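# Examining the three-dimensional arrangement
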Amino acid sequence: MNPSVPHGRRGNSLNSALGLGERLFSSASERRFAQAIEEGLDEVEAGLLREMSFADDLADVTSRYLLEAGGKRVRPTLTLLTAQLGTGNNKKVISAAQALEITHLASLYHDDVMDEANMRRGVASAQNVWGNSVAILTGDLLFARASKLMSGLGERAISLQADTFERLCLGQLHETIGPRAGDDPIEHYLRVLADKTGSLIAAAGQMGVIFGGAPEEYQAPVMVFGEKIGIAFQLIDDVIDLSPAADGTGKTAGTDLRAGVSTLPLLYLRDLARSDVDAADLLTRIERDINAVVYAEGEARPEDAELSAAIGELRDHAVTRKTLDEAHRWSREAVEALEPLPNGPVKKALTRFAESIVERSH
C-alpha cells in the first residue's frame, strides 16, 4: 500500500468497493490478484487528488468537495479488475480509471442540482454550499479534466468518453421530461437507469479490457455486465429508499418519493391501481400527501406522519417485492453475460459483486 495516500476518502479494500470479502481470494495467486487491485486503487486515488487540483482557489475547493466526502470508487475498481483479463495495471489503465471516476463525480454535481438534493455522501450538496451556478460550473470543470485525461489515451478513448457522456445527458434529460404519450413508464424508467448509471459502469469495464490489453472479445461481456448491474444497483436503491436509514444519518424513508421521483415500486403501484381498489387507494394517499406536504427544516407537519405511514405500506406491499425480484433478474442476467470470460479471479470477483448488489436490501 502507498503510505502517501490519505485513507478515509475511499474504502481501501475490495470488500469496501465491491462487497468482496477476503475469503473470496484464498489461493496465493488470488491474493496477488487482490493486491494488484489494491495497489492500483492507491495509485488511482493519488492521481485523483492531483488531477482534481486547480490553481484557482475556489475551483480547487469546490472540485474536490465530493471527492473528499468519500466514495467506494466502484468504477475505477471495475476498470482495474477487467484489466487483469489482459496484462493488468499500467499507466493507461490507471488514467482511464481516474478519468471515469472524475466523470462520475462531475455528474453528481449536475444531478444534485437537477434533483434539488440536500445531501450527498453525508455532507451538504455542493449547491447548498455554493449555489446552483457554482455547482454546475464545478461539474463542467471536472468533465473538462476527465476529457483531458482521456485525450492522452488516444482517439478511441475520446470517442468512448463522448458516447458515455452523451448517454449520461440523455438519461438525465429523459428523467427530467418523463415518459411521452404512448411510452411505457416502466420501460422508460429502466432506460433512464441504463443511461444514467449503467453506461458509465459498462464503460469502466470496457476500458479495463482495452487498455489492459485483454482479448477484444471480452469487451461485449463486460459491457453487458456493467449496464445490467447498474440497473440492478438502482432498483435496489429504490427499495432501500422506502426504509429509514439504519446508519444513524437520519435519512427519511421515501426521500426519492418525497422529491417527486417515480421509483419502480411506485410505477408498479400505478400499474396495479388500474385494476386493484386497495392499490388505487394507497396510490391516492401517497400522491396526495406528497403534494400536500410543505417541507420546512425542523418543523413537523401532520401530513408528514400520514405520508410516512403510506410509505410504510408501500414498503410492505407486493410491488416492492416485485421490484426486488426485478433487481435479482438484472443481477442474474449480468452474471450470465460473463459466461464467455475465462474462469478465474476476475470472473469470480465480478460474480460476487453482482450478488452483493442485491444483498444490500437484506
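Residues numbered from 1 in each chain as written. Predicted model: local features only at pLDDT ≥ 70, side-chain atom pairs only at ≥ 80, totals over all residues. Heavy atoms only, no water.

Attention shifts here to a nonpolar patch on the surface. A contiguous nonpolar surface patch, about 260 Å² in accessible area, is contributed by L170, L173 and I177. Relative to the helices and strands, L170 is located in helix α9 (residues 155-177). (Patch = residues over 30% accessible without salt bridge, like charges linked within 9 Å, V, L, I, M, F, W, Y side chains within 5 Å. Areas by Shrake-Rupley, 256 points an atom, 1.4 Å probe, with all protein chains shown as cover. Salt bridge = Lys/Arg side-chain N within 4 Å of Asp/Glu carboxyl O. Helix = DSSP H or I, 4+ residues; strand = E, 2+ residues; numbered from the N terminus.)

Let us look at helix α8 (residues 132-151). For α8, spanning 20 residues, the distance from its first C-alpha to its last is 29 Å, which sits close to the expected 28 Å at 1.5 Å a residue. All of the buried residues in α8 are A135, T138, G139, L142, F143, A146, L149 and M150. Seen along its axis, α8 keeps its buried residues to an arc of 140°; they face one direction. Along α8, exposed side chains directed more than 90 degrees from the buried face belong to S133, L137 and K148. Against α2 (28-51), α3 (57-63), α6 (91-115), α7 (126-130), α9 and α10 (185-211) lie the buried residues of α8. (Expected span 1.5 Å × (residues − 1). Buried < 20%, exposed > 50% of the residue type's maximum accessible area, 1.4 Å probe, protein only. Arc of directions from axis to C-beta. Contact = heavy atoms within 4.5 Å.)

A separate point is the environment of K92. If you trace the backbone, K92 turns up in helix α6. Sequence-distant contacts of K92, that is, excluding residues within four places in its chain, are made with L153 and F211.

Before going further, it helps to examine the nonpolar core. I229, L235 and L269 are the most contacted members of the largest nonpolar core, which has 95 residues in total. With 13 residues, the top contributor of residues to this core is α10. Setting aside residues no more than four positions away along its own chain, L235 makes contact with Y189, L190, L193, L264, T323, E326, A327 and W330. (Core = buried A, V, L, I, M, F, W, Y, C linked by side-chain atoms within 4.5 Å.)

This part takes up helix α5 (residues 74-83). Counted residue by residue, α5 has 10 buried out of 10 residues, so it is predominantly covered. Taken as a whole, α5 has its buried residues at V74, R75, P76, T77, L78, T79, L80, L81, T82 and A83.

With that out of the way, let us pick up the confidence of the model for the protein. Scored by pLDDT, the protein comes out at a mean of 87, with 87% of its residues at no less than 70. Note that pLDDT drops below 50 for residues 1-12; the model gives that stretch 27 contacts with residues more than four away or on any other chain. Segment residues 294-300 is flagged for pLDDT under 50; beyond a separation of four residues in sequence, or across chains, it makes 6 contacts in the model. (pLDDT = per-residue confidence, 0-100.)

By the element assignment, V129 lies in helix α7. Residue V129 is classed as partly exposed on the basis of its relative accessible area of 42%. A C-alpha to C-alpha distance of 9.7 Å links V129 and N118, two positions 11 residues apart in sequence. When residues no more than four places from it in sequence are discounted, the contact partners of V129 are Y65 and A124.

Positive phi, close to 60°, is recorded for R73, a residue that is not glycine. Tracing the backbone shows R73 in the loop between α4 (65-69) and α5. Judged by relative accessible area, which is 2%, R73 ranks as buried.

Overall, the coordinates contain 3 aromatic pairs when judged by the stated rule. When the centroid spacing of 5.0 Å and the interplanar angle of 85° are considered together, the rings of Y65 and W130 count as edge-to-face. Separated by 65 residues along the polypeptide, Y65 in helix α4 and W130 in helix α7 bring together distant segments of the chain. A centroid spacing of 4.3 Å and a plane angle of 35° characterise the contact between F143 and F165, whose relative ring orientation is tilted. (Phe/Tyr/Trp six-rings, centres within 6.5 Å; stacked < 30°, edge-to-face > 60°.)

A few words on empty space enclosed by the protein. The tally for this structure, following the rule as stated, stands at 1 cavity of 30 Å³ or more. The calculated volume of the largest cavity comes to roughly 30 Å³. Lining the largest cavity are L78, T82, I201, G205, V222, F225, G226 and L350. Mapped by element, the contributors of at least two residues to the lining of the largest cavity are α5, α10 and α11 (219-240). In terms of residues, the lining of the largest cavity owes the most to one element, α11, which gives 3 residues. Of the residues in the lining of the largest cavity, the class split is 5 nonpolar, 3 polar and no charged. (1 Å grid on protein atoms, 1.4 Å probe; cavity = no way out; pocket = protein on both sides within 12 Å on 5 of 7 lines; lining within 4 Å. Points joined across faces, edges and corners; volume = space filled by probe spheres on them. Nonpolar A, V, L, I, M, F, W, Y, C, P; charged D, E, K, R; others polar.)

Turning next to the packing of α2 against α5. Between α2 and α5, the least distance of the axes is 10 Å, while the angle of their chain directions is 135°. When the interaxial angle is binned, α2 and α5 end up oblique. Classified by chirality, the crossing of α5 by α2 is right-handed. Contacts between α2 and α5 involve F33, I37, G40, L41 and V44 from the former and P76, T77, L80 and L81 from the latter. Among the residues forming the contact of α2 with α5, the class breakdown is 7 nonpolar, 2 polar and no charged. (Axes fitted to C-alpha atoms, helices over the stretch in contact; angles between N-to-C directions. Parallel < 35°, antiparallel > 145°, perpendicular 65-115°, else oblique. Left-handed = near helix turned anticlockwise from the far one by under 90°.)

The topology assignment puts T323 in helix α16 (residues 318-337). Judged by its relative accessible area of 0%, T323 is buried. Excluding residues within four positions of it along the chain, T323 makes contact with L235, V239, L264, P265 and Y268.

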